[in-house]
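Fold and geometry: a report
One-letter residues, chain by chain:
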Amino acid sequence: MAGRGKLIAVIGDEDTVTGFLLGGIGELNKNRHPNFLVVEKDTTVNEIEDTFRALGNLLSGEVEASSDHLDPQFLNEIDSGEDGEQFLNRDDIGIILINQYIAEMVRHALDAHQRSIPAVLEIPSKEHPYDAAKDSILRRAKGMFTAEDLR
Amino acid sequence: MGAKSVGPLQYASRMEPQVCVCTNEAQNGLQKFRVLRSGSQIPEEVGPCEAALRRRKGLTRIPEPEPFSASPNPLNWFGILVPHSLRQAQASFQEGLQLAVDMASLQIQINWGQSQLRGLQEKLKQLGLGAA
């Protein structure tokens, strides 16, 4: 059965976001938060995480061991639901496109994302070519086999 | 046009998505993405990209595709006459979107394969321990 139409979100540098908006994916109106984030030099990691990280993952206790670096104030805001709408928590987003160099900044949030939808795709940018060794999916696949398994 | 002529300062204050994705269940039960452009017909779907419903005379109401997309072309944000290179860039990104959607479907399959493999490896370990 066909599912509902879902948006494609993009988190990237200016050129990446402009390009995909030219492609027609952008949604911007007063009813909902935009489905894109332009990451500039002064954009903080918290802002990127805030846009990306799912409220549901944190509230259900699926907090990674590495998340102890998270600002307690940030966690309090998440619990009280005061944060802005995050892409992972929206059920109207099917795919999140993210430049790989930005994905590296929020790698812990990406690795914690286990659901198949929204699908998170790491894409290259003009300044940073794609590196398969850094991709979340391929890194998971790499660790699945030992030398013994392949004999 | 100059580096500052094509950027976030030129974005429209209001945007309607012209491209969405819909999820279909493939034969193997996995979710598969498909590009949905505004104006294409998916009768049972409603969502951010729903087409306007129109009542047909004498028939049950079904959604019809709009004859022409009402959403303005994002290319118009950058002026009436834009360089050919910007049009080419738009076409490239539209092709790239189709590729990205295909990749997302493949990624779902990879994730499913990985989880199946993990399960089987666990079973194998348990069988190995049991035999021992």
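Residues numbered from 1 in each chain as written. Chains lettered and ligands numbered in written order. Predicted model: local features only at pLDDT ≥ 70, side-chain atom pairs only at ≥ 80, totals over all residues. Heavy atoms only, no water.

1. Details of the overall build of chain A
Within chain A, the secondary structure is distributed over 7 helices and 4 strands. Residue pairs at least 24 apart in sequence account for 70% of intrachain contacts in chain A once pairs closer than 6 positions are excluded. When the accessible surface of chain A is totalled, it reaches about 7,400 Å², and 51% of it is carbon and sulfur. (Helix = DSSP H or I, 4+ residues; strand = E, 2+ residues; numbered from the N terminus. Contact = heavy atoms within 4.5 Å. Areas by Shrake-Rupley, 256 points an atom, 1.4 Å probe, with all protein chains shown as cover.)

2. Focus on the interface of chain A and chain B
On the chain B side, the residues contacting the 42 residues of chain A number 48 residues. Here chain A packs against chain B, burying approximately 3,800 Å² in sum over the two surfaces, 66% of which is carbon and sulfur. There are 0 salt bridges connecting chain A and chain B. Within the residue set of the side of chain A that touches chain B, elements represented by two or more residues are β1 (5-12), α1 (14-22), β2 (36-38), β3 (93-99), β4 (119-123) and α7 (136-142) of chain A. (Buried area = accessible area lost by both parts, 1.4 Å probe. Salt bridge = Lys/Arg side-chain N within 4 Å of Asp/Glu carboxyl O.)

3. Some words on the environment of L138 of chain A
Tracing the backbone through its elements, the reader meets L138 of chain A in helix α7. With residues up to four places along the chain from it excluded, the contact list for L138 of chain A reads Y130 and A132 of chain A.

4. What about the packing of aromatic side chains?
Throughout the structure, instances matching the rule amount to 4 aromatic pairs over all chains. Arranged with centres 5.0 Å apart and planes meeting at 80 degrees, the rings of F20 of chain A and F93 of chain B form a pair that is edge-to-face. Taken together, the positions of F20 of chain A in helix α1 and F93 of chain B in helix α1 (residues 84-131) put the pair across two chains. Ring centres of Y11 of chain B and W77 of chain B lie 5.8 Å apart, and the angle between their planes is 55 degrees; this geometry places the pair in the tilted category. Remark: W77 of chain B occurs in the loop between β4 (62-63) and α1 and Y11 of chain B occurs in the segment before β1 (19-25); sequence separation between them is 66 residues. (Phe/Tyr/Trp six-rings, centres within 6.5 Å; stacked < 30°, edge-to-face > 60°.)

5. Quick word on α1 of chain A
Residue and element names in this part refer to chain A. In terms of residue burial, α1 counts as a mostly covered element, since 7 of its 9 residues are buried. All of the buried residues in α1 are T16, V17, T18, G19, F20, L21 and L22. Note on α1: the residue one or two positions beyond its end, G24, has a positive phi of about 105 degrees. (Buried < 20%, exposed > 50% of the residue type's maximum accessible area, 1.4 Å probe, protein only.)

6. Looking at the pairing of strand β2 (residues 31-37) of chain B
All names here are of chain B. Pairing geometry for β1 and β2, over 7 bridges, is antiparallel. By the bridge assignment, T23 is partnered in β2 with F33. The turn joining β1 and β2, which pair antiparallel and follow one another in sequence, is formed by 5 residues; a positive phi near 85 degrees is taken by G29. (Pairing = 2+ DSSP bridges.)

7. Looking at the confidence of the model for chain B
All names here are of chain B. Overall, the predicted model of chain B reaches an average pLDDT of 77, with 72% of residues at or above 70. Looking over chain B, one finds the lowest element-wise mean pLDDT in strand β3 (residues 53-54), namely 48, and the highest in α1, namely 90. Predicted confidence is poor over residues 50-56, with pLDDT under 50, and the contacts of this stretch with residues over four places away or in other chains come to 14 contacts. Here residues 64-69 is a poorly scored stretch, pLDDT under 50, and it has 13 contacts once near neighbours within four places are set aside; other chains count. In the predicted complex, the global pTM is 0.74; the interface-specific ipTM is 0.72. (pLDDT = per-residue confidence, 0-100.)

8. Describing the side chain of Q90 of chain B
Position of Q90 of chain B among the secondary structure elements: in helix α1. The class for Q90 of chain B is buried, based on a relative accessible area of 9%. Excluding residues that lie within four positions of it along the chain, Q90 of chain B makes contacts with L22 of chain A together with N73, P74 and L75 of chain B.

9. A short note on the environment of H84 of chain B
Along the chain, H84 of chain B turns up in helix α1. Placed 71 residues apart in sequence, H84 of chain B and S13 of chain B show a C-alpha to C-alpha distance of 24 Å.

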